[in-house]
Amino acid sequence: MVEVGGYTGRYLEVDLTSGKFQVKETPRAWMRNYVGGTGFAARYLWDHLSPGIDPLGPENVIVFATGPVTGTLGHATGRLAIASKAPLTGIWGESHVGGQLAPEIKYAGYDFIAITGRAEKPVYLWIDDDHVELRDASHLWGRGTRETFKLIWEDIGDESVQSAVIGPAGERLVRFANVIVDFYDAAGRTGMGAVMGSKKLKAIAVRGSKGIKVARFEEFWEVIQRIYEKATTGEWREIANDTIRGYGTPYLIDVMHSIGRLPTKNHWTGLFPEAEKINGDALKAVRISHKSCFTCFLQCKFVHHVDSGKYACTLTGGPEYEALVALGSNVMVSDLGAIIHANELCNDYGMDVISAGKVISWLMECYEKGLITEGDIGGIKPVWGDADLVIDLIHKMAKRKGIGDLLAEGALRAARKIGKGTERYVIHVKGLEASAQDGRSHKSIGLAHAVNVRGADHLRGLCTYDELPWAVKYAYERFGEEEAKKMVIDDRLNPTGKGYLTWLTENFYSIVDSMITCKYGAMWPMIYYYDDFAPWLKALTGIEELGDERKLALAGERIYMLRRAFNAREGVGRKEDTLNPRFTEEPMPEGPGKGQVVELEVMLKEYYEYRGLDWETGWPKRHKLVQLGLEDVAEELASMGRLAE
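Given the structure is predicted, the values throughout are model-derived calculations rather than measurements.

Cut-off values and rules
- Residues numbered from 1 in each chain as written.
- Predicted model: local features only at pLDDT ≥ 70, side-chain atom pairs only at ≥ 80, totals over all residues.
- Heavy atoms only, no water.
- Helix = DSSP H or I, 4+ residues; strand = E, 2+ residues; numbered from the N terminus.
- Buried < 20%, exposed > 50% of the residue type's maximum accessible area, 1.4 Å probe, protein only.
- Contact = heavy atoms within 4.5 Å.
- Salt bridge = Lys/Arg side-chain N within 4 Å of Asp/Glu carboxyl O.
- Arc of directions from axis to C-beta.
- Pairing = 2+ DSSP bridges.
- Axes fitted to C-alpha atoms, helices over the stretch in contact; angles between N-to-C directions.
- Polar contact = N/O pair within 3.5 Å; in protein donor to acceptor, adjacent residues only side chain to side chain.
- Lys, Arg positive; Asp, Glu negative; His and termini not counted.
- Core = buried A, V, L, I, M, F, W, Y, C linked by side-chain atoms within 4.5 Å.
- Parallel < 35°, antiparallel > 145°, perpendicular 65-115°, else oblique.
- Nonpolar A, V, L, I, M, F, W, Y, C, P; charged D, E, K, R; others polar.
- Left-handed = near helix turned anticlockwise from the far one by under 90°.
- Phe/Tyr/Trp six-rings, centres within 6.5 Å; stacked < 30°, edge-to-face > 60°.

(A) Region of interest: the environment of L501. In this structure, L501 sits in helix α21 (residues 498-515). What makes L501 buried here is its relative accessible area of 1%. The sequence separation of L501 and I180 amounts to 321 residues, and the corresponding C-alpha distance is 33 Å. Excluding residues that lie within four positions of it along the chain, L501 makes contacts with S444, C463, D466, M487 and I489.

In structure tokens, the structure reads:
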């Protein structure tokens, strides 16, 4: 076993078909080159999956990965990476979640868990330190996520046990089914819940009692004290209290509306006339408690209760900013009680709120334009602002009933089946419905959506320096005047330099997702950077390479490029790095971004140069993979004709 700090030095392999388990040694080279979390998952899936497999087949693998900082003191060390080939997109799938489960996996003695095969009947995986077993989950099958958590506690007789569970949506293979942790926290995107459902795996329950070794404790203690003080004193404390700590992510409703990029009416515009009805202040009126993930001092989670009206007695964690858009402004719904109820349904069914809402907004626009008739969709009238319809469609999608069976396939598959030009109004990248951003009013996020390895997603490459009006000065402090000007950081409507900015951001976020710690503090707006994380990792693990800022940045680039190679192996390249014509051809109709489109080609060319991709094909260039120590990856891609020489 590898004797280093931070890591357990072991991982668990589970074959659901045979019911067998193996505990293996975590390679020391993986720690040095891939850090943990997303990096470990990327390396494992590259090595163990063949291109072209069915994401819902038994040969697919799903990985639950922690990082070296997981379960230790420091900022927000409770996050878990869940990765697999995605049922929604057919490419790299990845989703992260906070809460308390990830530390429990580490305390049980595992850096990650890799699960393959398919059980004959519903099961859940029970891990109690070194004891591992598959238990019958027939009594859990068909239950909502909230009830499942409680029944697992009853089975084990311990309410301290931490679990990751799926709901009926995952069981029915809704392609955007999610995985829920701690009742309210969701690993939402790309369909990880459907992978579990396809394997007849209802849940993973974990109890751990082992400690985590720290290589250089005194040095480690000094570093994490600095990290803590950095975000909890002075102006950062005041900023946090006024924004993320005071309101959670819903504070972004007002910010995004003010810069004209609050997605509204299927991303047609960036302004929602009733934004104040669904913002952070509106939610404060129904807030009942404050919730935190493990060791997080930002504590952005809130629980809300609807105490009157049609949806009285609804109780749920969230909704977050993305849910307020997907189930609110983007379908033109301003009834906050209805949005909270829709959010709670998605959580209990185990279904991604973003994809669920964006499938509905696609349906509404196609109906408005006469491309879909009532006869096509079972007699319903999907008109803008109909909150009751949104809720009805959530039920139908989760149960795969009526039109819900088609919508459960995701917007792109649904459009391709219906035809009639409806694909034009699927706001997606690589099959993943877009998260709540608009590149017309913030150019770098347009590029970040287009090139993202999991699809139209902000969490792999969103830069906040050029997004948040107050954050520009921090970019100058972080990078210096020359670098900040190179990225034209003070003009979010200028595409110049945004290819470099996105490349830089993606590499850094790869490290954040592999350590793993929360994006807030790293993304908002990069309070922490390599100069914070390298000393933390060095003191914790004792691995010198992780304490070298340059080598750590190179590891981030390696991790990102390996996921890009995963997609190339599946045939995804230049033609998929694109955006819906809404962003590239239809100027923003109003607001601060009025008249703007996304100049994607300009930014993409610059990005490809930094990322080491061929302009014609989008395939990785050999010299870049060799530079990153991915020679074996280069050889496999070359054998498939998907490597640029």
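This is not the end of the story, as more comes after the structure.
(B) Structural view of the pattern of salt bridges. The final tally for this structure, using the stated rule, is 53 salt bridges. For D531, the salt bridge goes to R478, with nearest N and O atoms at 3.1 Å. One end of the pair, D531, is in helix α22 (residues 530-541); the other, R478, is in helix α19 (residues 472-479), and 53 residues separate them in sequence. One salt-bridge network, in which partners are shared between bridges, spans E365, K369, R424, R582, E585 and E586.

(C) Fine view of helix α27 (residues 631-639). Buried residues of α27: V633, A634 and L637, and no others. The buried residues of α27 occupy an angular sector of 100 degrees when projected down its axis, which confines them to one face. Each element contacted by the buried residues of α27 is listed here: α2 (37-48), α23 (549-569) and α26 (622-627). Note on α27: the residue one or two positions beyond its end, G641, has a positive phi of about 75 degrees.

(D) Summary view of the sheet that holds strand β6 (residues 112-116). Spatially, six strands are ordered β2-β1-β6-β3-β4-β5 in an open sheet, and the strand pairing comes out mixed. Only two strands of the sheet have a single neighbouring strand rather than two, namely β2 (20-25) and β5 (92-97). Each strand of the sheet is rotated relative to its neighbour by a mean of 15 degrees, with strand direction disregarded. Where strand β3 (residues 62-65) lies against strand β4 (residues 80-85), three bridges are found, and the strand directions are antiparallel. Bridge assignment links F64 to a residue of β4, and that residue is I82.

(E) Just the sheet that holds strand β8 (residues 131-136), in detail. Judged by pairing direction, the sheet is mixed, and its six strands sit side by side in the order β8-β7-β12-β9-β10-β11 without closing on themselves. Edge strands, defined here as strands with exactly one partner in the open sheet, are β8 and β11 (185-187). On average, each strand axis in the sheet is inclined to that of its neighbour by 20 degrees, with strand direction left out of account. As judged from the two bridges shared by strand β9 (residues 162-165) and strand β10 (residues 179-181), these two strands associate in the antiparallel manner. Bridge pairing in β10 places V165 opposite I180. Here helix α3 (residues 101-108) sits on the sheet in contact with β7 (123-128), β9, β10 and β12 (201-207), set at roughly 65 degrees to β12. Lying on the sheet, helix α4 (residues 145-156) is in contact with β7, β8, β9, β10 and β12; it crosses β9 at an angle near 140 degrees.

(F) Quick peek at the pairing of β4. Where burial is concerned, most of β4 is hidden: six out of the six residues are buried. In this sheet, β5 lies alongside β4 in antiparallel orientation, the contact comprising six bridges. Across the sheet, residue A81 finds its bridge partner in β5, namely H96. Linking two consecutive strands that pair antiparallel, namely β4 and β5, is a turn of six residues; a positive phi of about 75 degrees is found at G90 within it.

(G) Inspection of the side chain of T541 at higher detail. With respect to the secondary-structure elements, T541 resides in helix α22. In terms of polar contacts, T541 uses its side chain to reach the backbone carbonyl oxygen of L537, at 2.7 Å. When residues no more than four places from it in sequence are discounted, the contact partners of T541 are V4, G5, Y7, P68, A215 and L546.

(H) Looking closely at the side chain of R558. Relative to the helices and strands, R558 is located in helix α23. One buried charged residue, R558, remains without a salt bridge, the closest side chain of opposite sign being E631 at 8.1 Å.

(I) Molecular detail of the nonpolar core. One finds W362, I394 and W524 to be the most contacted residues of the largest nonpolar core, which totals 186 residues. When sequence neighbours within four positions are dropped, the list of residues in contact with W524 reads W236, I239, A240, T243, I244, Y251, L298, T464, L468, W470 and K519. Counting 32 residues, the second-largest nonpolar core is a separate cluster that includes F64, V179, V181 and V206.

(J) Inspection of the packing of α23 against helix α25 (residues 600-611) at higher detail. Running from amino to carboxyl end, α23 crosses α25 at an angle of 110 degrees, the nearest separation of the two axes being 12 Å. For the element pair α23 / α25, the angle class is roughly perpendicular. Judged by residue contacts, E557, Y560, M561 and R564 of α23 engage Y607, Y608, Y610 and R611 from α25. Across the contact of α23 with α25, the residue classes break down as five nonpolar, no polar and three charged.

(K) Looking closely at the packing of α2 against α23. Where α2 contacts α23, the two axes come as close as 9 Å, and the packing angle between them is 35 degrees. When the axes of α2 and α23 are compared, the crossing they make is left-handed. Where α2 abuts α23, its residues T38, G39, A42, R43, L45 and W46 lie against I559, L562, R563, A565, F566 and R569. For the contact of α2 with α23, the per-class residue count stands at seven nonpolar, two polar and three charged.

(L) The packing of aromatic side chains, seen in detail. Counting across every chain of the model gives 31 aromatic pairs. Aromatic side chains F508 and F533 sit 5.9 Å apart centroid to centroid with 15 degrees between the ring planes, which places their arrangement in the stacked category. With F508 in helix α21 and F533 in helix α22, the pair connects residues that are 25 residues apart, well separated along the chain. The same class applies to F508 and to F533, which are both buried. Chaining the aromatic ring pairs together yields one cluster made of Y465, F479, F508, Y509, Y528, Y529, Y530, F533 and W536.

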